[in-house]
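# Reading the structure
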Amino acid sequence: MSSIPAMPHPVHKDREGAKLGMWLFLFTEILLFGGLFLLYSAYRAKYPLDFHTGGQHLNTFIGVANTVILLTSSLTVAIAITAIQKGNRKLTMLCLSATIGFAALFLVNKYVEWSEEIRRGIYPNGPALLKLPDGEKIFYGLYYSMTGLHGLHVLAGIVVLSVMLKFVHSNRITSSDFTKLENAGLYWHLVDVIWIFLLPLLYLAA
Amino acid sequence: MTSAAHVAAVPAAPSFLEAGGRRGILAWILSTDHKRIGILYLATMVTMFLMAMVLGVLMRIEQLTVDPPLFSASTYNAFFTVHGVIMIFMFVLPGASAVFGNFCLPIMIGARDVAFPRLNLMSWYFFVTGALLALTSLFTGNGPPDAGWTFYVPFSLRSGTNILLGAFAAFVLGFSSILTGINFITTVHRMRAPGMSWLRMPLFIWALYATAWVQVLATPIIGITFLLLIAERTFGIGVFDPAKGGDPILFQHLFWIYSHPAVYIMILPAMGAVTEIIPTFAHRSIFGYKAIAYSSMGIAILGSLVWGHHMFTSGMSDSANLMFSLFTFLVAVPSAIKVFNWTATLYKGSIELKAPMLFALTFVFLFCIGGLTGLIQGALNVNVHLHDTYWIVGHFHYVMFGGTGMGFFAALLYWFPKMFGKMYNETAAKIAWIPIFIGFNMLYGGMLVLGYMGMPRRYYTHLPQFHTGHVIASIGGFIMATGLILFFANLFVALFKGKKAEANPWGGVTLEWQVPSPPPLENFEEIPVITHGPYRFNPEGAK
Amino acid sequence: MERAEEHGHIVPYQTFIKVWLLLLFLTALLVFVSTVFHEALSVAALLTLTPLKAGLVFFYFMHLKYEKPFLKSMVLVALATLTLFIGLIFIDLSFR
């Protein structure tokens, strides 16, 4: 058989397709955290008073501060995208760096918050936790699961956004090819949305 | 549409098996070509199937050896757990979707590949990783998990065996499923050939599309469930542990919210394949195209509302029991619509009983039995008697094996010549069918009877009154296993010694039969322009 | 390629800043209502203000307002699925 090279075809960049794929992935994240929200609603209905008490003992100040931090980080990543569309590379990189900075600050706050609770013995299988009534045990179980899983997603977001920052710097993302950045932004906004729900469910349950 | 004559006139591009720059194993495990990925899935999935089949045979041997039994109770627990985990997560779930969806979907819609080829390869990597983790759980630590593939709490929290590895393996496999779902949805939305409207897509594509939505929306729920199970075992988080105020029924809810839709992930692609095979060998168009397309979506939607029927005896409220029972009866309707349409397609068709058709019709028959037994156990009062008996085991093997399994085999026989460019021995395939069919019904029909008589499932031994039934079932199992080995041996030999297959050995009319067997790397020389629906048979079996 | 198509629909900086300010305000409102008022009103605030905030992020930050209807429907399907799961579970939990 004569060997004929495979027919070349233009490598298509399907921006809408990539965006659709990203949204579908975000649906899986919504359902993943959704399972936790489901458990939360079930247990809150079962232990309303214990959830109230649990919420009182959380550090509401850090919770609200982290909310403001994440909301602002969503602003900066959104601005970064408009900036790249307008060809303003400098502003893009500035805002992306700010987003990453806010994300890191969020994690620092989380570390401070958790350290305090762990010091007080309120952690899974911790001495103080085991003495609490069942409903509060469940509350803290959900608190650590939900904020823990969310924190992992913030960390992943930092990695993704840093890679995007590098791509903008090296011109792999440009004003005519910025789908990757858009999609990274979509991911980051979802991380923010999840926290928007976590705030009242956990910190304002009191 | 490009005619076969046009394809033959131009010097052919090399087949995808010969094209590409790499050699040997790297040509396979680094390839982002959807056709190679489909075959990679086939090879790994059949391997896992055979391993799980061995465990099944061991279980049947155990039930023959009553006094004393050959294996201990804890060994038997590990058998049915690992048999279930492998069969479900590594064979039936990826199923026809991962193999034939990957291979055929792009070709059938006139595309060169899926939307995200590299993500596709990553799906397979996740699959292999999960499979290796599951196999590791067999040989390390305190031995394979023994809590059943359902991992119910609190036993799965307390058991000293490799529950963690097993749960983590299933978690990783979930990613494989999710990524395939994302890929297929995007591909169907974005990459159909010009002129291929939604209602001109082959029905296999509709089935894959409906399946993909379930993969995307339901799989994350099992993801979080297993994640929490792992967190409880590792950190003692305690959201399910009754000792810490948890509700074990909530675990069951979360588990089945995925695992019931999962069975529709399993059956829909198989139904889709059968919907392709029957028109081809009846030489007439499918009856009721829209009904089948919409019923695929209907099954996906309704099937997400019935999960509680696995939990009728667990302590749910009466209201919930009633609701789930009602939905369970409703979900039979779209499935029945398909059965009516397949049957109506045969009417006044010119039927050729080739091997793929034989297995496709077997699918319809066995799936009907499975579906009807499902309705029986969906009735609340009857369920109290049947739950956790061999009836349930018989039921799900009828639908998952008689259904999805036979559908998978039918699809394999149908698309084998296209995938490998070789023809297998058709007579041998039909001969293998005989022990498969007879053995299957002895084994699982026997289980229906045993269960009705009261034999509980997941018991390593049984009371004397059940022994005859078990002997019949076990003999049936051995007969069936022999048939399965013949079946696979025939295909395996054909890979090396099979006659060269033509582009269209069956007279099919969908796009994959318009390209060579095996197809070239890029599937089409020119992307076809579609001008009519997919099932136009000329001239005798006209629509 | 047309400039507009090349760069996609561009949301002005102003829009983002306004949405951000609105989000901050809604957060403050939420915290205020939760800490000052009793249980029922606090839950009502949670159930209205929180989805509103999430909606703002979806529609403006995530560009959903400017996307095609089919994508909007898909988002709805995903959210409806979750709602359905929670709803059906409560048919069990509420009547035990």
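Predicted, not measured: the structure shown is a model, and the values here were computed from it.

Now for the packing of helix α11 (residues 289-302) of chain B against helix α12 (residues 318-346) of chain B. A pair of packed helices is characterised by two quantities: the angle between their axes and the separation of those axes. All names here are of chain B. Where α11 meets α12, the axes come as close as 9 Å, and the angle between the chain directions of the two elements is 155°. The angle between α11 and α12 falls in the class roughly antiparallel. The interaxial crossing formed by α11 with α12 has left-handed handedness. Between α11, through A291, I292, S295, S296, G298, I299 and L302, and α12, the contact on the second element is made entirely by L330, V331, P334, S335, I337, K338, N341 and W342. Grouping the amino acids of the contact of α11 with α12 by side-chain chemistry returns nine nonpolar, five polar and one charged.

On to the interface of chain C and chain A, then. Listed as interface residues are 44 residues of chain C and, on the opposing side, 45 residues of chain A. Our count for the chain C to chain A interface comes out at five residue pairs in polar contact (both at pLDDT 80 or more). For the side of chain C that touches chain A, the secondary-structure elements that each account for two or more residues are α1 (3-7), α2 (13-36), α3 (39-61) and α4 (69-93) of chain C. Examining the composition of the side of chain C that touches chain A, we find that twelve residues originate from one element, α4 of chain C, more than from any other. The residue makeup of the side of chain C that touches chain A, split by class, is 31 nonpolar, seven polar and six charged.

Side chains that are nonpolar tend, in soluble globular proteins, to be buried together. By size, the foremost hydrophobic cluster in this structure holds 295 residues, and its most contacted members are F27 of chain A together with W415 of chain B. Apart from residues no more than four positions distant in its own chain, W415 of chain B is found in contact with F100, C104, M108, F204, A273, E276, E512 and W513 of chain B.

Another aspect to go through is the interface of chain B and chain A. Across the contact, 39 residues belong to chain B and 37 residues belong to chain A. Summing both partners gives a buried area of about 3100 Å² for chain B against chain A, and 74% of it is carried by carbon and sulfur. Of all residues in chain B, R190, I237 and K244 of chain B bury the most surface against chain A, accounting for 16% of the area lost on that side. A salt bridge links D14 of chain A to R190 of chain B; the nearest nitrogen and oxygen atoms lie 2.8 Å apart. Counting across the chain B and chain A interface gives five residue pairs in polar contact (both at pLDDT 80 or more). Of all the elements in the fold, those that place two or more residues in the side of chain B that touches chain A are α8 (163-190), α9 (203-235) and α10 (248-282) of chain B. With ten residues, the top contributor of residues to the side of chain B that touches chain A is α9 of chain B. Residue classes in the side of chain B that touches chain A are distributed as 25 nonpolar, seven polar and seven charged.

Reading the values: the criteria
- Residues numbered from 1 in each chain as written.
- Chains lettered and ligands numbered in written order.
- Predicted model: local features only at pLDDT ≥ 70, side-chain atom pairs only at ≥ 80, totals over all residues.
- Heavy atoms only, no water.
- Axes fitted to C-alpha atoms, helices over the stretch in contact; angles between N-to-C directions.
- Helix = DSSP H or I, 4+ residues; strand = E, 2+ residues; numbered from the N terminus.
- Parallel < 35°, antiparallel > 145°, perpendicular 65-115°, else oblique.
- Left-handed = near helix turned anticlockwise from the far one by under 90°.
- Contact = heavy atoms within 4.5 Å.
- Nonpolar A, V, L, I, M, F, W, Y, C, P; charged D, E, K, R; others polar.
- Polar contact = N/O pair within 3.5 Å; in protein donor to acceptor, adjacent residues only side chain to side chain.
- Core = buried A, V, L, I, M, F, W, Y, C linked by side-chain atoms within 4.5 Å.
- Buried < 20%, exposed > 50% of the residue type's maximum accessible area, 1.4 Å probe, protein only.
- Buried area = accessible area lost by both parts, 1.4 Å probe.
- Salt bridge = Lys/Arg side-chain N within 4 Å of Asp/Glu carboxyl O.

Purely geometric numbers; function is a separate question.
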